Amino acid sequence: ADLQGISQKSCSVLRAMGQLRGDEFVRQVRASIPGEGGAAVRDGVVVANGWYPTAWYRAFYGTAVELSGDRDFARECGRVSVTYDVTFVHKLLFRVLSPETLTRQGAKLFKMYFDPAELDIVPKESKLFHLRFHGCVGFDRNLWMDQWGGTEELVRYCGGAGSRLRLLSGGQDHDTAMELECRY
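Note that the coordinates shown come from a computational prediction; the quantities given were computed from them, not determined experimentally.

Observations concerning the environment of Glu36
Alright, step 1. Relative to the assigned elements, Glu36 resides in helix H3 (residues 35-42).
Alright, step 2. Using a relative accessible area of 61% as the deciding quantity, one classes Glu36 as exposed.
Alright, step 3. Along the backbone, Glu36 and Trp56 are 20 residues apart, and their C-alpha atoms lie at a distance of 7.6 Å.

Written out as structure tokens, the structure is:
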């Protein structure tokens, strides 16, 4: 069975889409999302703190990526959506944290967005660590790219402006895991 995800994430992603492509694009996405999830979005049934099937997120992102014509649109949305999820006070705090410290806390936060998925942080050497997302049943490439983009932005907040994330494994359609290498 698919994971459950909290819709707070989709609210910030919709705001990111509006910033990136405009309000008309967001209206098109909302109108075009197929299935039960699309109907719930259009009927205003989705609430920010509600838990919904990951299939709804796949349909949501699949629609947005298709309409955008940009295969990596979900990654950009993930990056920009973090700016809506992270307050000014958090940003100030992040400046004194290392990317490793923040991502360790991010592992706890990940469980707050997707249940029962996991994120493990594996230190490798100075300024290098791996992020291992696993147990993500129902994820597709778009959901993985959202996680990648969000991670990039969080690392940047901690002084990792020149950071590079590299895909080591997984992160594609039907994969339940993804491993990223972060060098900063």
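What follows picks up the thread again.
Considerations on the confidence of the model for the chain
When pLDDT is low, close inspection of the predicted coordinates is not appropriate.
Alright, step 1. Across the chain, the average pLDDT comes to 89, with 97% of residues at 70 or higher.
Alright, step 2. Here helix H6 (residues 88-94) is the element of the chain with the lowest mean pLDDT, 71, and helix H2 (residues 23-32) is the one with the highest, 97.

Description of the side chain of Asp140
Alright, step 1. Structurally, Asp140 is set in the loop between strand E5 (128-134) and helix H8 (141-157).
Alright, step 2. The side chain of Asp140 sits in the buried core without any salt bridge; Arg58 is the nearest counter-charge, 4.9 Å away.
Alright, step 3. Here the side chain of Asp140 touches Leu143 through a polar contact of 3.0 Å, landing on its backbone nitrogen.
Alright, step 4. Beyond its immediate chain neighbours, meaning those up to four positions away, Asp140 contacts Arg58, Gln172, Asp173 and His174.

Focus on the side chain of Asn142
Alright, step 1. Inspection of the secondary structure assignment puts Asn142 in helix H8.
Alright, step 2. Ignoring any residue separated from it by four or fewer positions in sequence, one finds Asn142 in contact with Tyr61, Gly62, Val65, Arg71 and Ala74.

Observations regarding unusual backbone geometry
Alright, step 1. In this structure, Pro116 follows Asp115 across a cis peptide bond, with omega equal to 15 degrees.
Alright, step 2. Structurally, the position occupied by Pro116 is in the loop between strand E3 (114-115) and strand E4 (118-125).
Alright, step 3. Although it is not a glycine, Lys127 adopts a positive phi angle of roughly 60 degrees.
Alright, step 4. Tracing the chain through its elements places Lys127 in the loop between E4 and E5.
Alright, step 5. Lys127 gets classed as partly exposed once you look at its relative accessible area, which sits at 45%.

Description of the sheet that holds E4
Alright, step 1. In space, the four strands of this open sheet follow the order E4-E5-E7-E6, with antiparallel pairing throughout. The open sheet has two edge strands, E4 and strand E6 (164-170), and neither has a second partner. Taken pair by pair, the neighbouring strands of this sheet meet at an average axis angle of 20 degrees, ignoring direction.
Alright, step 2. Across six bridges, E5 lies against strand E7 (residues 178-183) in antiparallel orientation. Within E7, the position partnered with Phe129 by the bridge is Cys182.

Conventions and cut-offs
Residue positions are given per chain, counting from 1 as you read along its sequence in written order. Residue-level local features of this predicted model are given only where pLDDT is at least 70; pairs of side-chain atoms are given and counted only at 80 or more, and the full residue set underlies all totals for whole chains, interfaces and linings. As a rule here, side-chain values cover all heavy atoms of the structure and leave hydrogens and water aside. Each helix is a run of DSSP H or I of at least 4 residues and each strand a run of E of at least 2, with the numbering of both proceeding from the N terminus. Working definition: with a 1.4 Å probe on protein chains only, accessible area under 20% of the residue-type maximum means buried, over 50% means exposed, and in between means partly exposed. Every residue carries a pLDDT, the predictor's confidence in it, which falls somewhere between 0 and 100. Only four residue types enter the charge count, namely Lys and Arg as positive and Asp and Glu as negative; His and the chain termini do not. Should a side-chain nitrogen of Lys or Arg be within 4 Å of a carboxyl oxygen of Asp or Glu, the pair is scored as a salt bridge. In the analysis that follows, any N or O atom pair within 3.5 Å is treated as a polar contact, provided that within protein one partner can donate a hydrogen and the other can accept it, and provided that, for residues neighboring in sequence, both atoms belong to side chains. The contact rule is simple, with two residues in contact once any of their heavy atoms fall within 4.5 Å. Note: two strands are recorded as paired if DSSP finds a minimum of 2 bridges between them. The axes used here are C-alpha line fits, helices contributing only the stretch in contact, and every angle between their N-to-C directions lies in the interval 0 to 180 degrees.

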